[in-house]
Amino acid sequence: VIVGGVVLATAFGTHCESSYKPDDLLVLYTRTPFLIMAVCIVIAILVAFFTARRWRKTMPDVLESDENNRIQAPTSVTISYACMAGAYGAVMQIVFKGTGELVGAGAWDSPALWASAVAIVPLATTQMSYLNIGMQVCNAVQFFPSYNASLIVMMTITGMIYYEEYKGLQGWLGWGCFAGGIVLVVAGVLLLTLRNSTESPSKNQVVPVSLESRVGA
């Protein structure tokens, strides 16, 4: 299902390469569709953050089972960490590509170039932080597909909106197949994560307690 969704979204998405001047890249940040998307990303990150934080607050400092192992996070928390890592990764890719465009244009005197270069560091650091936490407290079979799908979907949507590639979609067929591909990816992730998961942690969902000192919401 996930592979089919990725193929469908890619096949009917735009495939054109565009070059932008430094001023054009700055203007794209002020367009209404991008601002709406930015607000949606912030809301998604906040919802995911507080979902994960609420779970951590309900758990003891050391989560142990009878075998002295640490109980893993439920599905909602797994998706939350995957969503946060994917969102920061998608935003970082936009900033990173914009930085590459500015470097390619030789805009060394542009403040946007240096601001973008600096912004990459906290974005990449935050993405890796949530990715590492997710690997430590979540079931790997559930977390990695969720993270990969989240990153692919968010990178596709953010890139399409920021670079206004949605204008190249051809009619209802293009829009319908692209949206259908995104829905299939999301549905595939949900099927995969819900297949062997439960909101009540069980003994077969454990990781070593020694990871506790490195984990926090």
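Leftover empty space is mapped by rolling, across the atoms, a probe with the size of a water molecule. Enumeration over the complete set of coordinates arrives at two cavities of 30 Å³ or more. Along its surface, the second largest cavity is lined by Leu 25, Leu 26, Tyr 29, Gly 98, Thr 99, Leu 102, Ala 112, Ser 116 and Tyr 162. Within the residue set of the lining of the second largest cavity, elements represented by two or more residues are helix 2 (22–28), helix 4 (75–104) and helix 5 (111–137). Per element, the largest residue contribution to the lining of the second largest cavity is three residues, and it comes from helix 4.

Moving on, we get to the side chain of Ser 116. Inspection of the secondary structure assignment puts Ser 116 in helix 5. Those residues in contact with Ser 116 that sit more than four places away from it in its chain are Val 95, Thr 99 and Leu 102.

It is worth spelling out the packing of helix 3 (residues 32–58) against helix 6 (residues 140–162) at this point. Orientation of helix 3 relative to helix 6, taken along the N-to-C sense of each, is 155°, at an axis distance of 9 Å. As summarised for this structure, helix 3 and helix 6 are arranged roughly antiparallel, according to the angle between their axes. The handedness of the crossing between helix 3 and helix 6 comes out as left-handed. Where helix 3 approaches helix 6, its residues Pro 33, Phe 34, Met 37 and Ile 41 are matched on the opposing element by Ile 157, Thr 158, Ile 161 and Tyr 162. The residue makeup of the contact of helix 3 with helix 6, split by class, is seven nonpolar, one polar and no charged.

Across its 27 residues, helix 3 extends 39 Å between first and last C-alpha, which sits within 8% of the 39 Å expected from 1.5 Å per residue. Here helix 3 has its buried residues at Phe 34, Met 37, Ile 41, Ile 45, Ala 48, Thr 51, Ala 52, Trp 55 and Arg 56.

Tallied over the full model, the rule gives 10 aromatic pairs. Plain terms: the ring middles of Tyr 162 and Tyr 163 are 4.6 Å apart, the flat faces sit at 80° to each other, and that makes the pair edge-to-face. What makes Tyr 163 buried here is its relative accessible area of 7%. Ring pairs connect the aromatic residues Tyr 29, Phe 34, Tyr 162 and Tyr 163, which therefore count as one cluster. Sitting over the face of the ring of Tyr 163, Lys 97 holds its NZ or CZ atom 4.5 Å from the ring centroid.

Conventions adopted
- Residues numbered from 1 in each chain as written.
- Predicted model: local features only at pLDDT ≥ 70, side-chain atom pairs only at ≥ 80, totals over all residues.
- Heavy atoms only, no water.
- 1 Å grid on protein atoms, 1.4 Å probe; cavity = no way out; pocket = protein on both sides within 12 Å on 5 of 7 lines; lining within 4 Å.
- Points joined across faces, edges and corners; volume = space filled by probe spheres on them.
- Helix = DSSP H or I, 4+ residues; strand = E, 2+ residues; numbered from the N terminus.
- Contact = heavy atoms within 4.5 Å.
- Axes fitted to C-alpha atoms, helices over the stretch in contact; angles between N-to-C directions.
- Parallel < 35°, antiparallel > 145°, perpendicular 65-115°, else oblique.
- Left-handed = near helix turned anticlockwise from the far one by under 90°.
- Nonpolar A, V, L, I, M, F, W, Y, C, P; charged D, E, K, R; others polar.
- Expected span 1.5 Å × (residues − 1).
- Buried < 20%, exposed > 50% of the residue type's maximum accessible area, 1.4 Å probe, protein only.
- Phe/Tyr/Trp six-rings, centres within 6.5 Å; stacked < 30°, edge-to-face > 60°.
- Lys NZ or Arg CZ within 6 Å of the ring centre and 35° of its normal.

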